[in-house]
Amino acid sequence: MAILISGRGSNMAALIEAARAPGYPAEIALVLSNRPDAAGLGLAAAAGVPVAVVESRGRPREAFEAGLQAVLEAQRIGIVALAGFMRLLTEGFVRRWEGRMLNIHPSLLPSFRGLDTHRRALEAGVRLHGCTVHLVSPGVDEGPILAQAAVPVLPDDDEAALAARVLAQEHRLYPAALAWLAAGRVRLEGGLARVEAEAAAGALANPLPGPAALSTQRAQE
Ligand code: GAR
């Protein structure tokens, strides 16, 4: 498989680390960046993973994607994981990789597609925020959801604090979701992804309804 990045590469690093474990069902054969200055390239090279750059800047989208496709085919890549890859892909490219291309997005989709998700979550006053791993469909941040992790939004959060809390969960969630796809544990059914994995039962709540809330509820009954 290949990881596509544009920047820092912390999710990439989490995937590389996870894939080192014996029995992990995917081999990371390539890290590819559309920007030559992406910090993640250095991390990947230091970890011994082959790296490549296909520059997107100043090129028509089709020419860029033809270059991308050529590198992926030359390396006989089977699965692509977008990890902070900040370039929109055409419908044609996405269709070629349908069912084989994953993305991680820093929100609980379908809320907050696009950029500045943490700022927008704070502005909206949501009490739970998080991240999503999904198969990539042609729309922006769209496609069958494989897994989500939710974190609380705390009263004193600023964008950086919330981003850090979400990022820690991204680093846990992405390696797991990639492993499910690589191991053939993901089925598509009516446009939704079914994953053979243990599902969390119960509910997440924030703030927690404490004893006072419960006693009020009892009084009303
Ligand atoms: C991550 O938070 C990822 O979810 C987000 O960019 C960051 C990349 O960080 N991706 C998107 O916003 C894509 N829509 P990283 O380079 O350290 O993994």
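Predicted model, so just to flag it, every value in this text is computed and none were measured. (Residues numbered from 1 in each chain as written. Predicted model: local features only at pLDDT ≥ 70, side-chain atom pairs only at ≥ 80, totals over all residues. Heavy atoms only, no water.)

K.L.:
Give a description of the sheet that holds strand 7 (residues 145–152) that names residues and reports values.
P.N.:
Whether parallel or antiparallel, the strands of a sheet pair through hydrogen bonds between backbone atoms. The strand order across the open sheet formed by seven strands is 3-2-1-4-5-6-7, and the pairing between neighbours is mixed. Every other strand in the sheet has two partners, leaving strand 3 (51–53) and strand 7 as the edge strands with one partner each. Across this sheet, the average inter-strand angle for adjacent strands is 20°, counted without regard to direction. Looking at chain direction, strand 1 (residues 2–5) and strand 4 (residues 80–82) are connected through three bridges and run parallel. Across the sheet, residue I3 finds its bridge partner in strand 4, namely A81. Running over the sheet, helix 2 (residues 39–46) touches strand 1, strand 2 (30–33) and strand 3 and is turned about 155° from strand 3. (Pairing = 2+ DSSP bridges. Helix = DSSP H or I, 4+ residues; strand = E, 2+ residues; numbered from the N terminus. Axes fitted to C-alpha atoms, helices over the stretch in contact; angles between N-to-C directions. Contact = heavy atoms within 4.5 Å.)

K.L.:
Talk me through unusual backbone geometry; I want residue IDs and the actual numbers.
P.N.:
Each neighbour pair has its own omega, and for L109 with P110 the value is 10°, a cis peptide bond. Residue P207 is bonded to the preceding N206 through a cis peptide linkage, with omega at -5°. Along the chain, P207 turns up in the loop between strand 9 (192–195) and helix 7 (211–220). In this model, R76 sits at a positive phi of 50°, which is unusual for a non-glycine residue. For R76, the position within the fold is in the loop between helix 3 (61–74) and strand 4. Overall, the relative accessible area of 77% leaves R76 in the exposed class. One non-glycine residue, F112, adopts positive backbone phi at about 55°. (Buried < 20%, exposed > 50% of the residue type's maximum accessible area, 1.4 Å probe, protein only.)

K.L.:
Account for helix 5 (residues 117–124), with residues named and values stated.
P.N.:
Along helix 5, the residues classified as buried are T117, H118 and A121. End-on view of helix 5: buried residues confined to an arc of 95°, all on one side of the axis. Those residues of helix 5 that are buried are in contact with strand 5 (101–105), strand 6 (128–135) and helix 6 (159–182). Backbone geometry just downstream of helix 5 places G125 in the positive-phi region, at approximately 75°. (Arc of directions from axis to C-beta.)

K.L.:
Explain the side chain of T117 residue by residue, including any values.
P.N.:
Relative to the helices and strands, T117 resides in helix 5. A distance of 2.8 Å separates a polar atom in the side chain of T117 from the backbone oxygen of P106. In this structure, T117 is in contact with H105, P106, S107, F112 and H129, ignoring residues within four places of it in sequence. (Polar contact = N/O pair within 3.5 Å; in protein donor to acceptor, adjacent residues only side chain to side chain.)

K.L.:
Can you break down the pattern of salt bridges residue by residue, with the values?
P.N.:
Between side chains of opposite charge, a pair can form when the charged atoms approach closely. Within this structure, the stated rule accounts for ten salt bridges. The closest approach of N and O atoms between D37 and R35, which form a salt bridge, is 2.9 Å. The exposure class assigned to R35 is partly exposed, which follows from its relative accessible area of 36%. Members of the salt-bridge network, linked through shared partners, are E91, R95 and E98. (Salt bridge = Lys/Arg side-chain N within 4 Å of Asp/Glu carboxyl O.)

K.L.:
Residue-level account of the site of the ligand, with values.
P.N.:
Around the ligand, the neighbouring residues are R8, G9, S10, N11, G84, M86, I104, H105, P106, D141, L167 and E170. A distance of 2.8 Å is found between an oxygen atom of the ligand and a backbone nitrogen or oxygen belonging to G9. Here H105 contributes a side-chain N or O atom positioned 3.2 Å from a nitrogen atom of the ligand. For the ligand, the accessible surface in isolation is 450 Å², of which the surrounding protein chains cover 87%. If you map the ligand onto the pockets, it falls in the largest pocket. Sorting the residues of the shell around the ligand by element identifies helix 1 (10–19), strand 5 and helix 6 as the ones contributing at least two each. (Near = heavy atom within 4 Å. Areas by Shrake-Rupley, 256 points an atom, 1.4 Å probe, with all protein chains shown as cover. 1 Å grid on protein atoms, 1.4 Å probe; cavity = no way out; pocket = protein on both sides within 12 Å on 5 of 7 lines; lining within 4 Å. Sits in = over half its atoms within 2 Å of the grid points.)

K.L.:
How would you summarise the side chain of S107 if you had to cite specific residues and measurements?
P.N.:
Tracing the sequence through the fold places S107 in the loop between strand 5 and helix 5. Looking at S107, the relative accessible area reads 0%, which means it is buried. Among all residues touching S107, those that are not within four sequence positions of it are F112, T117, H129, G130, C131 and T132.

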